[in-house]
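Survey of secondary and tertiary structure
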Amino acid sequence: MRKSLKAAAAGAACAVAGAALYGAGVAGAGQSAANSTHEPYNIGQLVKDIDTYYGTTADADGVYLASPDSPYAKDLARIDAEAERYLDKAARTAHHRGARPAVVFDIDDTLLLSLDYEKRHNYTYDSATWNDYVNKADRPAVFGSPELVRYAESKGVEVFYNSGLTEAQRAGAVANLKKAGADVNLDAGHMFLKDKAAPPAYLKHCAVPGTWNCTTVQYKSGTRRHIEHDLGYEIIANFGDQYSDLDGGYADRAYKLPNPTYFVS
């Protein structure tokens, strides 16, 4: 479930304050909403803090963008540098053992930045406007992430995508990833999206045709299990902006990218 800034102001404030944790690149035990009897963090001040973190600016067309000199960009650069060092070593080790190394990327705010949507909709979520935004296929790349996708490919690592986007949004996602420079393995065999009408058999414990009861963790970890157990890969790294992208196992290492604007439980 996606939760907005207004629904979890104090929780998001903790995310801003914890930017140094994101810079380490490794997921913690979990992510939880605030639950306090004290006055929560002021939303107006929180928005200012988020804008400072992203270095938010509007371009000539009024599109909100993150600054390449922002604390957000610097946190991402630290994560990417560590991830490249790890991928180089882990890929060589896996190939030496005869394994088939793979990486898994979330899409929203891991590869494609949604800051403009969040700003325009005051950090709230609406399925109709979100669908239009995704299918417009014009989101900018998250700094460094397309380069990381191509780096993994260059090391002989199979690239997969594991996203909460739906099958109806597949064309928009593919077009946008190509535009952003992450044009690697964008076929249906490598990009896993939610299909509530006809869920795959490997999710039968929580989804059957027409009935979807999977939590985000069940869906994403179940998909990673499929990649490892059914397709025969070893997931050496898993990248996401939410802890629910990363929890549930089936990856040798998890990298949490910063996102202080919403959380998905």
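It should be emphasised that the depicted structure is a prediction, and the values quoted were computed from it without experimental measurement.

The parallel open sheet is built from five strands, whose spatial order is S6-S5-S4-S9-S10. Only two strands of the sheet have a single neighbouring strand rather than two, namely strand S6 (191-194) and strand S10 (254-256). Within the sheet, the average angular offset between the axes of one strand and its neighbour, ignoring direction, is 15°. In the sheet, strand S4 (residues 101-105) pairs with strand S5 (residues 158-166) via four bridges, with the strands oriented parallel.

Our next topic: the packing of aromatic side chains. Scanning the entire structure with this criterion turns up 14 aromatic pairs. Taking 4.8 Å as the distance between ring centres and 10° as the angle between the ring planes, the aromatic pair formed by Phe105 and Phe239 counts as stacked. Highlighted residues: Phe105 in strand S4 and Phe239 in strand S9 (residues 234-240), separated in sequence by 134 residues. By the burial criterion, Phe105 is buried, and Phe239 matches it. A connected cluster of aromatic rings, assembled from ring pairs, spans Tyr53, Tyr54, Tyr72 and Phe143. Cation over ring: Arg100 sits above Tyr233, and NZ or CZ is 4.0 Å from the ring centre.

Within the fold, Arg100 resides in the loop between helix H4 (71-96) and S4. With 128 residues separating them in the primary sequence, Arg100 and Glu228 have C-alpha atoms 9.4 Å apart. Aside from chain neighbours lying at most four places away, what touches Arg100 is Leu231, Gly232, Tyr233 and Glu234. Side-chain polar atoms of Arg100 contact the side chain of Tyr233, separated by 2.8 Å.

Any covalent bond linking the sulfur atoms of two cysteines counts as a disulfide. Counted according to the given criterion, the structure contains one disulfide. Here Cys206 engages in a disulfide with Cys214; their sulfurs sit 1.9 Å apart. As the torsion about the S-S bond is roughly 80°, the Cys206-Cys214 disulfide counts as right-handed. Take Cys206 and Cys214: they sit in the same class, and that class is buried.

Another point: the packing of helix H3 (residues 43-54) against H4. Relative to each other, H3 and H4 sit at 55°, their axes nearing to 5 Å. By the angle class used here, H3 and H4 are oblique. Side by side, H3 and H4 meet where Thr52, Tyr53 and Tyr54 of the first sit next to Pro71, Tyr72 and Asp75 of the second. Looking at the contact of H3 with H4 residue by residue, the classes come out as four nonpolar, one polar and one charged.

Glancing now at helix H9 (residues 216-230). With 15 residues, H9 should cover 21 Å at 1.5 Å per step; its first-to-last C-alpha distance of 20 Å lies within 8% of that length. Those residues of H9 that fall on the buried side of the exposure criterion are Thr216, Tyr219, Lys220, Ser221, Gly222, Thr223, Arg224, His226, Ile227 and Glu228. At the C-terminal side of H9, Gly232 shows a positive phi close to 85°.

This next bit is on the pattern of salt bridges. Inspection of the entire model under this criterion finds 12 salt bridges. The partner of Asp75 in a salt bridge is Arg78, and the shortest N-O contact between them spans 2.2 Å. Here Asp75 and its partner Arg78 are both found in helix H4, three residues apart, which amounts to about one turn of the helix. What makes Asp75 buried here is its relative accessible area of 4%. On the basis of relative accessible area, Arg78 is assigned to the partly exposed category, the value being 46%. Of the charged contacts, one joins Lys155 and Asp88 as a salt bridge, the two residues approaching to 3.2 Å between their closest N and O atoms. Here Asp88 lies in helix H4 and Lys155 lies in the loop between helix H7 (145-154) and S5, a separation of 67 residues in the sequence. Assessed through its relative accessible area of 21%, Asp88 is described here as partly exposed.

Each value, and the rule that gives it
Residues numbered from 1 in each chain as written. Predicted model: local features only at pLDDT ≥ 70, side-chain atom pairs only at ≥ 80, totals over all residues. Heavy atoms only, no water. Pairing = 2+ DSSP bridges. Helix = DSSP H or I, 4+ residues; strand = E, 2+ residues; numbered from the N terminus. Axes fitted to C-alpha atoms, helices over the stretch in contact; angles between N-to-C directions. Phe/Tyr/Trp six-rings, centres within 6.5 Å; stacked < 30°, edge-to-face > 60°. Buried < 20%, exposed > 50% of the residue type's maximum accessible area, 1.4 Å probe, protein only. Lys NZ or Arg CZ within 6 Å of the ring centre and 35° of its normal. Contact = heavy atoms within 4.5 Å. Polar contact = N/O pair within 3.5 Å; in protein donor to acceptor, adjacent residues only side chain to side chain. Disulfide = S-S within 2.5 Å. Parallel < 35°, antiparallel > 145°, perpendicular 65-115°, else oblique. Nonpolar A, V, L, I, M, F, W, Y, C, P; charged D, E, K, R; others polar. Expected span 1.5 Å × (residues − 1). Salt bridge = Lys/Arg side-chain N within 4 Å of Asp/Glu carboxyl O.

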